[in-house]
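Notes for the structure review
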Amino acid sequence: MPDDDSLKIRKDVWRLATWDPVLDWYARAVADMQTRPITDPTSWRYQAAVHDYVVGRDPIARAGEKLPSTAEQQKFWRQCQHGSWFFLPWHRWYLWYFERIVAATIVKLGGPTAWALPYWNYSDERNPDALKLPPAFRATTMPDGRPNSLLVAERAPACNLGQAVGDALDIDLRRCLTEDMFSVTVFGRGGGFGGPSTGFHHSPGTTGSLEATPHGSMHSAVGGDGWMSAFNTAALDPIFWLHHANIDRLWEVWRRRDPARHTNPTERDWLTMTFDFHDAAGAVVTPSIEQVVDMTAAPLRYTYEDMSDPLAGVPPRLRAPRPLPMEVSPMPEMVAATSRPLTLGTGTTTSALSIQAPTGPARLRSAAGAARTIYLNLENVTGAGAVGGYAVYLNAPPGASASQRADHLAGLLPTFGLAEASRPDNEHGGSGLQIALNVTDLVSRLEAQPGWDSNRLTVEFVYRGAPTDAATIQVGRVSLYYA
Ligand code: C2O
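Here's what I pulled together on the structure shown here. The structure displayed is predicted, hence computed values, not measured ones. (Residues numbered from 1 in each chain as written. Predicted model: local features only at pLDDT ≥ 70, side-chain atom pairs only at ≥ 80, totals over all residues. Heavy atoms only, no water.)

1. Remarks on the overall build of the protein chain
Operational definition: The secondary structure listing takes helices from DSSP runs of H or I that are at least 4 residues long and strands from runs of E that are at least 2 residues long, numbered from the N terminus. Using a 1.4 Å probe on the protein chains alone, a residue whose accessible area is under 20% of its type maximum counts as buried, one over 50% counts as exposed, and one in between counts as partly exposed. Whether two residues are in contact is decided by their heavy atoms: any pair within 4.5 Å suffices. Here the accessible surface of atoms and residues is derived via Shrake-Rupley with a 1.4 Å probe, and residues count as covered only by protein chains that are part of the display. His is not counted, nor are the chain ends; Lys and Arg add positive charge and Asp and Glu add negative charge. For charged residues, the charge sits on one atom: NZ in Lys, CZ in Arg, CG in Asp, CD in Glu.
From N to C terminus, the protein chain includes 14 helices and 13 strands. With the C-alpha coordinates aligned to their principal axes, the bounding extent of the protein chain is approximately 70 × 50 × 45 Å. Taken over 483 residues, the protein chain has a buried fraction of 57%. When contacts within the protein chain are restricted to residue pairs at least 6 apart in sequence, long-range pairs at least 24 apart make up 76% of them. Per element, the accessible surface of the protein chain, about 19,300 Å² overall, is 54% carbon and sulfur. Averaged over its 43 positive side-chain charges, the protein chain has a centre that lies 2 Å from the centre of its 50 negative ones.

2. Brief notes about the packing of aromatic side chains
Defined as follows: Two rings belonging to Phe, Tyr or Trp (six-membered ring only in the last case) form a pair when the distance between their centres is within 6.5 Å. Interplanar angles under 30 degrees mark stacking, angles over 60 mark edge-to-face geometry, and anything in between is tilted.
All chains considered together, the criterion is met by 27 aromatic pairs. With 4.7 Å between their ring centres and 50 degrees between their planes, Tyr53 and Trp77 make a pair best called tilted. Within this pair, whereas Tyr53 is found in the loop between helix H2 (44–51) and helix H3 (70–76), its partner Trp77 is found in the loop between H3 and helix H4 (87–108), the two being separated by 24 residues in sequence. Tyr53 gets classed as buried once you look at its relative accessible area, which sits at 8%. Since its relative accessible area comes to 1%, Trp77 is described here as buried. Taking 5.6 Å as the distance between ring centres and 85 degrees as the angle between the ring planes, the aromatic pair formed by Tyr302 and Tyr304 counts as edge-to-face. The pair Tyr302 / Tyr304 is uniform in exposure class, with both members buried.

3. Observations regarding the sheet that holds strand S12 (residues 456–463)
Threshold: Strand pairing requires that DSSP identify at least two bridges connecting the strands. Orientation is described by lines fitted to C-alpha atoms, with helices fitted over the stretch in contact, and by angles between N-to-C directions that extend from 0 to 180 degrees.
Taking strand neighbours across the sheet as the criterion, the 4 strands line up as S7-S12-S9-S10 in an open arrangement whose pairing is antiparallel. Each end of this open sheet is capped by a strand with a single partner; those strands are strand S7 (348–354) and strand S10 (409–413). Averaged over all pairs of adjacent strands, the angle between strand axes in this sheet comes to 20 degrees, irrespective of strand direction. Here strand S9 (residues 390–394) runs beside S12; their pairing, made up of 5 bridges, is antiparallel. Within S12, the residue paired with Tyr390 across the bridge is Tyr463. Contacting S9, S10 and S12, helix H14 (residues 440–447) crosses the sheet at an angle of about 40 degrees to S9.

4. A few points about unusual backbone geometry
Cis rather than trans, the peptide bond between Thr213 and Pro214 has omega equal to 10 degrees. Summarising the element assignment, Pro214 is placed in helix H7 (residues 209–223). The omega angle of the peptide bond from Ala298 to Pro299 is 5 degrees, so this bond is cis rather than trans. Relative to the elements of secondary structure, Pro299 occurs in the loop between strand S3 (284–285) and strand S4 (302–304). In this model, Arg78 sits at a positive phi of 55 degrees, which is unusual for a non-glycine residue. Along the polypeptide, Arg78 turns up in the loop between H3 and H4.

5. Some points on H14
Basically, it comes down to this: In this description, the arc belongs to the directions extending from the helix axis to the C-beta atoms.
Residues of H14 that are buried: Thr440, Leu442, Val443 and Leu446. End-on, the buried residues of H14 take up no more than an arc of 165 degrees, which puts them together on one face. Where the residues of H14 are buried, they touch strand S8 (374–384), S9, S10, strand S11 (433–438) and S12.

6. Some words on the packing of H4 against helix H9 (residues 239–257)
Operational definition: Oblique is the label for any angle not under 35 degrees, not over 145, and not in the 65 to 115 range, which are roughly parallel, roughly antiparallel and roughly perpendicular in turn. We call a crossing left-handed when the near helix sits turned anticlockwise from the far one by less than a right angle, and right-handed when that turn is clockwise. Under the grouping applied here, Gly and all other residues not named as nonpolar or charged are polar, the nonpolar ones being Ala, Val, Leu, Ile, Met, Phe, Trp, Tyr, Cys and Pro and the charged ones Asp, Glu, Lys and Arg.
Close contact between H4 and H9 brings their axes to 10 Å; oriented N to C, the two are set at 130 degrees. As the angle between them shows, H4 and H9 are arranged oblique. Here H4 and H9 pass one another in a crossing that is left-handed. Residues Phe87, Leu88, Pro89, His91, Arg92, Tyr94, Leu95 and Phe98 of H4 pack against Phe240, Trp241, His244, Ala245, Ile247, Asp248, Trp251 and Glu252 of H9. Its residues assigned to classes, the contact of H4 with H9 shows 11 nonpolar, 2 polar and 3 charged.

7. Here's the deal with the pattern of salt bridges
Between side chains of opposite charge, pairing is possible as soon as their charged atoms come close. Rules: Between Lys or Arg on one side and Asp or Glu on the other, a salt bridge is scored when a side-chain nitrogen of the former is within 4 Å of a carboxyl oxygen of the latter.
Throughout the structure, instances matching the rule amount to 30 salt bridges. Glu252 is the partner of Arg256 in a salt bridge, and the nearest nitrogen-oxygen pair spans 3.9 Å. Separated by 4 residues within a single helix, Arg256 and Glu252 lie in helix H9, roughly one turn from each other. The class of Arg256 is partly exposed, set by a relative accessible area of 45%. Overall, Glu252 belongs to the buried group, its relative accessible area being 2%. We note a salt bridge from Asp309 to Arg257, for which the minimum N-O separation is 2.9 Å. Taken together, the residues span a long stretch of sequence, with Asp309 in the loop between S4 and strand S5 (333–337) and Arg257 in helix H9 at a distance of 52 residues. Judged by its relative accessible area of 17%, Arg257 is buried. Sharing partners across several salt bridges, the network here consists of Arg10, Arg92, Glu99, Asp248, Glu252, Arg255 and Arg256.

Dropping the structure here:
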């Protein structure tokens, strides 16, 4: 492919006609990539295996087929970064090389140069269809009459019927876009916008708030109990790539929303981290994060059709903390925790936390006038089958209506990655997902309500999927931290 250095524009899929050339050529390229053997780095299945692959659980494995060598698999497969500050930059590279492979395939098939991946903005309030799967992904045939390569049967039923996928909670941007910091670590937990500082991290763990919602919640909403809900099959669905283009776009939306404070990490450990991929010619490349932070500069050279702020006017959640006197420790302090694991099913589970007044670093910080951040931590979440995920409420009045409950929402517990995080053979020994929900504003609001009991907080988990799902979930501990 001739080197094409023009700035490419990733477009909003919902502003394109059903079979706009961008989608028609995507479908043709996907069909072509699907004919390549899994040993070819530019094949559809190899690309999905770069995200994750489980031998024996490949839904389209062919009997007797040859896989790449173990050494090759170790270097290039099962690389996706989750529960980590590498989540965003790794997926940015992953998408970019994929986009180059698709673009080269389109040129080979006689199509135009400069193809760019579209994005699916399911949170777009200006578009009444935003939550539906775009029509090209549910059509049975492509414009040339062949079976549609963009249609995947293994999705939640609503998707291919053209109904809304998920609901307003799944696509809520108010939590992620108001995060002040890219990376926050609360006793090795906590997340910030982009995820906590870790080493190479191919397993779920503590997610940043963008990774939780809308990223994880939309994986589950689209996947149901099918492909998009698991690491090893997600990238086999062509919509995966448009979902991630949107997540990548939201990284830019967040940065632009408050350029002075919404900044990327500057640590060398982050900037100099490298990953292994293949380029469009199948050659090995080892790019670093440093080269990925500016998407409009070479080598990336792309931008998004729309990066406007959907929350224009909504103030940032955290106030800039006042600098602390040297002797005051920034350590978070735990003020409440459950003593027994909780088991969640497909109904509602309630647990009460008794809150102690802080006696350690949090007390000194409040004496020094520092701003308080409160985290509700869901620790060691393990299990399987709860594809609908949970909504978590604090002090929701019994019998409250849905709209009254909305004022008590602490956040979502999405279950994308749950099964992977629960397997004892993963790098964390199956210790599960860690979710840190920033509940600073919610607790401040609750404190101002009549009847507030400063010693007691009720945490309620409400299952969001079908009552017939086989949900067996354990939350090792629920805790409350002042940071
Ligand atoms: Cu690496 Cu949305 O998954």
